[in-house]
Amino acid sequence: MGKDREHIDSLTQKEYEYGFITDIEMDMAPKGLNEDIIRFISAKKDEPDSMLRWRLKAYRYWLNMKEPTWAFVTYPPIDYQNIYYYAAPKKKEGPKSLDEVDPEILATFDKLGIPLEEREALAGVAVDAVMDSVSVATTFRKKLQELGIIFLPISEAIREHPDLIKKYLGSVVPPTDNFFAALNSAVFTDGTFVYVPKGIRCPMELSTYFRINAANTGQFERTLIVADEGSYVSYLEGCTAPMRDENQLHAAVVELIALDGAEIKYSTVQNWYAGDKNGKGGIYNFVTKRGVCHNHSKISWAQVETGSAITWKYPSLILRGDNSAGEFHSVALTNNRQQADTGTKMVHLGKNTRSTIISKGISAGYSNNSYRGLVKIGPGADNAKNYSQCDSLLIGDRCGAHTFPYLEVDNPTANVEHEATTSKISEDQLFYCNQRGIGTEEAIGVIINGYAREVFKRLPMEFAVEAQKLLTVSLEGSVG
Amino acid sequence: MLSIRNLKASIEGNHILKGINLEIHPGEVHAIMGPNGSGKSTLAHILAGKEGYIVEDGEVIFEGKNLLELAPEERAREGVFLAFQYPIEIPGVSNTTFLKTALNEIRKHRGLSELDAMDFLTLVRKRMKLVDMDPSLLGRPVNEGFSGGEKKRNEILQMAVLEPRLAILDETDSGLDIDALKTVANGVNSLKNKDNATLVVTHYQRLLDYLVPDYVHVLFDGRIVESGDKTLALELERKGYDWIKTKAGDSK
Amino acid sequence: MIKTDPESAAFCQHLHPLFHDQSSHIRNFRQQSLEMLQSSPFPALKHEEWKYTDLSELAKQLPVSPVLSDFQNLSVNDVYPYSFNQMKSHVMVFVNGHFTPQLSNINKLGRNIVAENLFSAAKRNPEDIKLYLGKADKKGNDYFSYLNGAFFTDGAYIRIPDNYQSEIPIHLLFLTKGNGELRYSAARNLIIMGKNSSVTLVETYGSLDDRPVLTNSVTEVFNGENSLLRHHILQLQNERSHYFGSTNITIPANSRYQNTWVSLGSKISRNDVDAALTGAGSYCQLYGLYAGRHDQLMDNRTVISHRSPHATSNQVYKGILDGFSRGIFNGKILVEQKAQKTEAHQLNRSLILSDKAHADSKPQLKIFADDVKCSHGATVGQLDKNAMFYLQSRGVSKEIARSMLTFAFANDVVDSIILGPVRFYLYKKLFNRFGRDWGSEEDFESLYKQEE
Ligand SMILES: Nc1ncnc2c1ncn2[C@@H]1O[C@H](COP(=O)(O)OP(=O)(O)OP(=O)(O)O)[C@@H](O)[C@H]1O
Ligand SMILES: [Mg+2]
């Protein structure tokens, strides 16, 4: 197996493919967090007074909260006063078209292969690209406007659609929800707002690429998607970030609301910088994602998580309405010193609610990968059904794979089923491939992709391809 | 006794039975043969009332009653018995309690008195000899850990105790060694009388040597495409199913 | 300085060891336990390991150590109900944690076996006490474990020699007798197995009256190499009592340990099983059944630690919850980095029979070795549809089929008990709870007697 060891080494030494730094002038608030900074952010964003008060309330609440410690991750204490909470590319005026966008930013996106240009746009992707907290370009906005679909940076939405914001922002993840959600509510600088009106089927995948770019910049995204009655929308979130030595904090909040009969698909490919092979650097990804389903509605989360030094993330659903359905499909891969504690919560409140959880964990190197999930069936959730399957694959003998599901059932007509397995890549499968002439390295790629297929199937095409590539690249040769 | 008319059925959107017609009279033995996946077990399950199948057309009349309207246990009490191709294991339910409960439910339905434990055990022991079953299996949970052959014998034991009017044997011969095959066939034969009937599903002529059918039907792609007497089974044994397939293809 | 938790200290203010300890090992052990106890917080819902078990009502009560009069005037008739129809066995009876030789029967044990109360053993075998007491009980930070360590009032000491095989089981019978107060009953047991031996041990927890008692036992088991220990534990206390018991097992190379836990009694019960597989070829099988009704709460926590390569473990825990009851399963499989070639499986299944009952399940895998096969499964919900159909296809009505399958669901666990009389005793209890729809008790008895 000496050869395989070499493969592992070559993999672990592989430089982060997307690691480069864009040099643009920054417009920054000083380091640290206090009420003045929050006022500064709110003023920069030209926000109404009510928004500022909302932020300050969250901030004061946050001051009395403790950072959660229950996740199976360890990291040195974060100095919240040593973080920049606001950084924006300097701009004369907001760019109206691609031509006005800083060429260097465009070049960066080019390297990342972000489909920002017309031909990609024609391929059906409307991109609201976010670089360091401020959106720099939006395409297709007009076409969406014709259908009444609102697809805006959230800061603009706060100015332009105060009623919708007031009604829905914080309605799923209240500012007091948890430590990181409170922090986000106080300081979020940008993000995305989507509103799909009644009965409208959004004709294209909506997509945002996030990118963290400035040293020591916290990124506090806020996403809010409202699908009105009978509407449909598919939203893609993709992330890559340049290499940095210091850990960077990312504490996003995503809120989804599917009103009666609506359907939301939310897909994520997360490939932020994971730190070097010794665990130096990398993103801390502490995200709160949650959706609410009303009657006959459906929300599906699909995620492929390969990046970040630490991931703390549980895209959850509250199945409040009768006959509503929720899905969670996840592939989480950790390598080197990465730590991931991720999973989902499915809270069944309505009758005949259904949920499915498929989680595939892959651990390699010295990493630790945990699934943590909750399935809760409330007393009123007659005939609720849940099926969960959480598989873990271990590659090498220095990593860990952990499964912590919680099942809480308060209704006799419910049917809840959880299955989990942990194993290494099957030697029989490898041998079978070898015997048919497929080399070990390739065979691992084949097997891993087969293992994750159920999740890939849920991703939109272009994402699935990227995700598949990511897995293979991250794991080439990792067999012990 | 049983009359199936133009029965069409599907499961999970797949059309499996595409118009079955079959008449069975008291005292008769019918055999159904046919390639794997042709719908034999599906037919048997539908007759017994397993859920999940959608009957799209046709009817099944059993002793003047619309069988398809009855719950599975009502069909059993009316006298329909299915020996399963793959009998399920029920951990924790002992064979005796299971069988005694079933028998008394059926007896109640027929207006007979319930048997107490002693009488019941006497009856079961007698019937066990018929199928040459190891008495120790009686105390064990239903089919749990039974070998393939033991499961099949257990099915026939149940049949012997419950005395159905129509017994449907779904590949009861598969998994049996030659001696067991004879024993089981003899068991079935000794239960035969002018008032009951048997429908055997099998792939092999061998069983039919012992359990001689009055009619043989060939099920192919959800339809009975050929019927005949016992010589049809011999012909199938010799020639395989290809000629049937060709014939069925021609007639389409 | 030890930081004392006020609630903890208050809870044990009326507890004391019954007698002055002659053995310095026991004295030291008590002292250590007491110190740990004082710094441990009283269990509360906010503690992860007590997430679903609310002890706030219990915390308001003050358990009181037993007094000598508890043990007087008891006759063999009092313990007859727990004799499993006078099953042939060696019996040690404890009342409120105190050994009562006049009710016990251990005279006919083989020559090399030692079965005596812990205090006598401490006199005769101080080295064993030093070597084993507290050594399998590795659950740091567990309140009730420390409480027992500080205030136990005796227990059983069983030492099985090498190469000993016996068909006759050893029965440890722990009975409680209440008075006006919340009586405290705490035994501490040591089971030490030799090599190449095979024994069956039954632990029964029962009540002599319907008064509330707080039972708090700890059993430490040291299995021997190449030995087999079958360990059946029955919790049958009255429904006003509380039970907090833990069983801690070390399983060395090539030894097999099988535990069957059946819980039918107590208002609140907590069953802790902590097994460590420490040698290659070791095997651990845990079965559990908890059947709750009324307002019973049944909490089960298991930890299986794979510390050695080539070991196997298997767990099946089943809950049936009726009335307002709550059943909890919290099971962890831990596979250490060196424990390659581990095979570990865990299954928890619960049935909820009423709309006011609850089931919580927390199966966990914590795995640090890669060449392993581990799985867990948990289901809450209905009976097997195919089994329902099979029964119906034989003429059995839906209601009866349901009742049969519920009874069967429970039987499955009882079937793992190797002793016919114990099995029969439990079948009957379960039949009376779940099976009444489909026959009389007499019928049931005659059928099952036939089978035994
Ligand atoms: N639940 C199901 N979903 C989809 N298709 C099914 C299902 N159950 C059965 N089928 C299909 O129905 C067809 C008929 O199956 P059936 O079991 O009746 O065949 P059979 O004639 O008994 O075959 P065999 O000789 O192998 O026992 C097969 O193609 C089978 O795959
Ligand atoms: Mg078949």
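What counts, and where the lines are drawn
- Residues numbered from 1 in each chain as written.
- Chains lettered and ligands numbered in written order.
- Predicted model: local features only at pLDDT ≥ 70, side-chain atom pairs only at ≥ 80, totals over all residues.
- Heavy atoms only, no water.
- Helix = DSSP H or I, 4+ residues; strand = E, 2+ residues; numbered from the N terminus.
- Buried < 20%, exposed > 50% of the residue type's maximum accessible area, 1.4 Å probe, protein only.
- Contact = heavy atoms within 4.5 Å.
- Rg over C-alpha atoms; globule rule 2.2 N^0.38 Å.
- Areas by Shrake-Rupley, 256 points an atom, 1.4 Å probe, with all protein chains shown as cover.
- Lys, Arg positive; Asp, Glu negative; His and termini not counted.
- Charge placed at Lys NZ, Arg CZ, Asp CG, Glu CD.
- 1 Å grid on protein atoms, 1.4 Å probe; cavity = no way out; pocket = protein on both sides within 12 Å on 5 of 7 lines; lining within 4 Å.
- Points joined across faces, edges and corners; volume = space filled by probe spheres on them.
- Nonpolar A, V, L, I, M, F, W, Y, C, P; charged D, E, K, R; others polar.
- Domains from an automatic or database assignment.
- Buried area = accessible area lost by both parts, 1.4 Å probe.
- Salt bridge = Lys/Arg side-chain N within 4 Å of Asp/Glu carboxyl O.
- Pairing = 2+ DSSP bridges.
- Axes fitted to C-alpha atoms, helices over the stretch in contact; angles between N-to-C directions.
- Polar contact = N/O pair within 3.5 Å; in protein donor to acceptor, adjacent residues only side chain to side chain.
- Phe/Tyr/Trp six-rings, centres within 6.5 Å; stacked < 30°, edge-to-face > 60°.
- Lys NZ or Arg CZ within 6 Å of the ring centre and 35° of its normal.
- Expected span 1.5 Å × (residues − 1).
- Arc of directions from axis to C-beta.

Draft legend 1. Expanded view of the overall build of chain A. Counting secondary structure elements, chain A contains 13 helices and 23 strands. Residues counted as buried form 63% of the 480 residues belonging to chain A. Across chain A, contacts joining residues at least 24 apart in sequence account for 84% of those joining residues at least 6 apart.

Draft legend 2. Highlighting the overall build of chain C. Tallying secondary structure elements over chain C gives 11 helices and 21 strands in all. In terms of overall size, chain C behaves like a compact globule, its C-alpha atoms giving a radius of gyration of 21 Å where 452 residues would be expected to give roughly 22 Å. On the principal axes, the C-alpha backbone points of chain C span a range of 70 × 55 × 50 Å. Scored against the burial criterion, the 452 residues of chain C give a buried share of 65%. Here the analysis covers contacts within chain C between residues at least 6 apart in sequence; of these, 84% occur between residues at least 24 apart. For chain C, the accessible area works out to roughly 16,200 Å², and carbon and sulfur atoms hold 48% of it. Chain C carries 49 positive and 47 negative side-chain charges, and their two centres are separated by 2 Å.

Draft legend 3. Representation of empty space enclosed by the protein in the model. Residues and elements named next belong to chain A. In this structure the tally under the stated criterion is 9 cavities of 30 Å³ or more. The volume enclosed by the largest cavity comes to roughly 90 Å³. Secondary structure elements with two or more residues in the lining of the largest cavity: strand 8 (221-227), strand 12 (263-271) and strand 13 (283-293). Of all the elements, strand 13 adds the most residues to the lining of the largest cavity, at 3 residues. Considering only residue class, the lining of the largest cavity consists of 6 nonpolar, 4 polar and 4 charged.

Draft legend 4. Here's a closer look at the domain arrangement of chain A. Residues and elements named next belong to chain A. Segmentation of chain A into domains returns domain 1 (19-427) and domain 2 (428-480). Taken residue by residue, the interface counts 32 residues in domain 1 and 25 residues in domain 2. For the pairing of domain 1 and domain 2, the buried interface totals around 2,500 Å² over both sides, and the portion due to carbon and sulfur atoms is 71%. Contact with domain 2 buries area across many residues of domain 1, yet Val269, Ile425 and Glu427 alone supply 20% of it, more than any other trio.

Draft legend 5. Main features of the pattern of salt bridges. Inspection of the entire model under this criterion finds 46 salt bridges over all chains. As a salt-bridge pair, Lys239(B) and Glu235(B) come within 3.1 Å of each other at their nearest N and O atoms. In this pair, Lys239(B) and Glu235(B) both sit in helix 8 (residues 230-239), 4 residues apart, roughly one turn of the helix. What makes Lys239(B) partly exposed here is its relative accessible area of 44%. Classification of Glu235(B) as partly exposed rests on a relative accessible area of 23%. In this structure, the salt-bridge partner of Arg270(C) is Asp299(C), at a minimum N-O distance of 2.7 Å.

Draft legend 6. Inspection of the sheet that holds strand 5 (residues 65-66) of chain B at higher detail. Residue and element names in this part refer to chain B. Here we have 4 strands laid out as an open sheet, ordered 2-1-4-5, and antiparallel in their pairing. Edge positions in the sheet fall to strand 2 (14-24) and strand 5, since each has one partner strand and no second. Of the strand pairs in this sheet, strand 1 (residues 2-11) and strand 2 are connected by 8 bridges, and their pairing is antiparallel. Within strand 2, the position partnered with Ile11 by the bridge is Asn14.

Draft legend 7. Up close: the sheet that holds strand 6 (residues 80-83) of chain B. All names here are of chain B. Judged by pairing direction, the sheet is mixed, and its 6 strands sit side by side in the order 6-9-10-3-11-12 without closing on themselves. Across the chains shown, the open sheet's two edge strands, defined by having one partner strand only, are strand 6 and strand 12 (223-228). On average, each strand axis in the sheet is inclined to that of its neighbour by 20°, with strand direction left out of account. With 4 bridges connecting them, strand 3 (residues 29-33) and strand 10 (residues 197-201) associate as parallel partners. Looking across to strand 10, one finds that Ile32 is bridged to Val201. In the packing of helix 8 onto the sheet, the strands contacted are strand 3, strand 11 (215-220) and strand 12, and the crossing angle to strand 11 comes to about 45°.

Draft legend 8. Local environment of the interface of chain A and chain C. Across the boundary between the two partners, chain A contributes 32 residues, which contact 36 residues of chain C. For the chain A and chain C pair, buried surface summed over both sides reaches about 2,700 Å², with 48% attributable to carbon and sulfur atoms. Broken down residue by residue, the surface that chain A buries against chain C is led by Tyr406(A), Leu407(A) and Pro412(A), which jointly contribute 20%. Taken together, the connections running from chain A to chain C amount to 1 salt bridge. Lys424(A) is the salt-bridge partner of Asp371(C), the closest N and O atoms lying 3.9 Å from each other. On the surface where chain A and chain C come into contact, there are 15 residue pairs in polar contact (both at pLDDT 80 or more). A per-class count over the side of chain A that touches chain C returns 13 nonpolar, 12 polar and 7 charged.

Draft legend 9. Quick look at the pairing of strand 18 (residues 339-348) of chain A. Residue and element names in this part refer to chain A. Across the 10 residues that make up strand 18, a large majority, 9, are buried. Bridge analysis of strand 15 (residues 310-313) against strand 18 gives 4 bridges, and the strand direction is parallel. In the strand pairing of strand 18, Lys313 is matched with Thr342. In terms of strand pairing, strand 18 meets strand 20 (residues 368-377) through 10 bridges, oriented parallel. Bridging from a neighbouring strand, Asp341 pairs with Ser370 of strand 20.

Draft legend 10. Up close: the packing of aromatic side chains. Within this structure, the stated rule accounts for 41 aromatic pairs over all chains. Aromatic side chains Tyr75(A) and Tyr284(A) sit 5.2 Å apart centroid to centroid with 55° between the ring planes, which places their arrangement in the tilted category. Here Tyr284(A) lies in strand 13 and Tyr75(A) lies in the loop between helix 3 (49-63) and strand 2 (87-89), a separation of 209 residues in the sequence. Judged by relative accessible area, Tyr284(A) falls into the buried class, the value being 6%. Within the aromatic cluster, the residues linked to one another by ring pairs are Tyr59(A), Trp62(A), Trp70(A), Tyr75(A), Tyr80(A), Phe179(A), Phe180(A), Tyr284(A), Phe286(A), Trp312(A) and Tyr314(A). The ring of Phe152(C) is capped by Arg30(C), whose NZ or CZ atom sits 4.3 Å from the centre of that ring. Of note, Arg394(C) hangs over the ring of Tyr390(C), and the distance from its end group to the ring centre comes to 5.0 Å.

Draft legend 11. Region of interest: the interface of chain C and chain B. Contacts between the two partners involve 28 residues from chain C and, on the opposite side, 42 residues from chain B. Summed over both partners, the interface of chain C with chain B buries about 2,700 Å², with 65% contributed by carbon and sulfur atoms. For the pair chain C and chain B, the number of links is 1 salt bridge. For Glu155(B), the salt bridge is made with Arg394(C), and the minimal N-O distance between the two is 2.8 Å. Viewed at the interface, chain B and chain C are joined by 9 residue pairs in polar contact (both at pLDDT 80 or more). Going through the elements one at a time, helix 8 (385-392), helix 9 (398-414) and helix 11 (441-451) of chain C are the ones with two or more residues in the side of chain C that touches chain B. Here the residues of the side of chain C that touches chain B are counted per class, giving 12 nonpolar, 8 polar and 8 charged.

Draft legend 12. Representation of helix 3 of chain A. All names here are of chain A. Its 15 residues place the ends of helix 3 21 Å apart at the C-alpha level, agreeing with the 21 Å of an ideal helix rising 1.5 Å per residue. Looking at helix 3, one finds that the buried residues are Met51, Leu52, Arg55, Leu56, Ala58, Tyr59 and Trp62. Each buried residue of helix 3 sits inside an arc of 160° when the element is viewed along its axis, so together they form one side. Those residues of helix 3 that are exposed and aimed more than 90 degrees away from the buried face are Asp49, Arg53 and Lys57.

Draft legend 13. The arrangement of the layout of surface pockets in detail. Each pocket or cavity is described by its volume, and for the largest pocket that value is around 1,200 Å³. Looking at the largest pocket, it is lined by 45 residues, and the ones nearest its centre are Asn415(A), Gln382(C), Leu383(C), Asp384(C) and Lys385(C). Sorting the residues of the lining of the largest pocket by element identifies strand 21 (385-395) and strand 23 (415-424) of chain A together with strand 19 (343-352), strand 21 (373-380), helix 8, helix 9 and helix 10 (420-435) of chain C as the ones contributing at least two each. Per-class residue counts for the lining of the largest pocket are 16 nonpolar, 15 polar and 14 charged.

Draft legend 14. Looking closely at unusual backbone geometry. Even without glycine at this site, Asn352(A) takes up a positive phi of about 55°. Tracing the chain through its elements places Asn352(A) in the loop between strand 18 and strand 19 (354-364). A relative accessible area of 32% places Asn352(A) in the partly exposed class. Here Asn226(C), not a glycine, exhibits a phi torsion of approximately 60°, which is positive. With respect to the helices and strands, the residue Asn226(C) is situated in the loop between strand 10 (213-222) and strand 11 (228-235). The partly exposed category is assigned to Asn226(C), whose relative accessible area is 44%.

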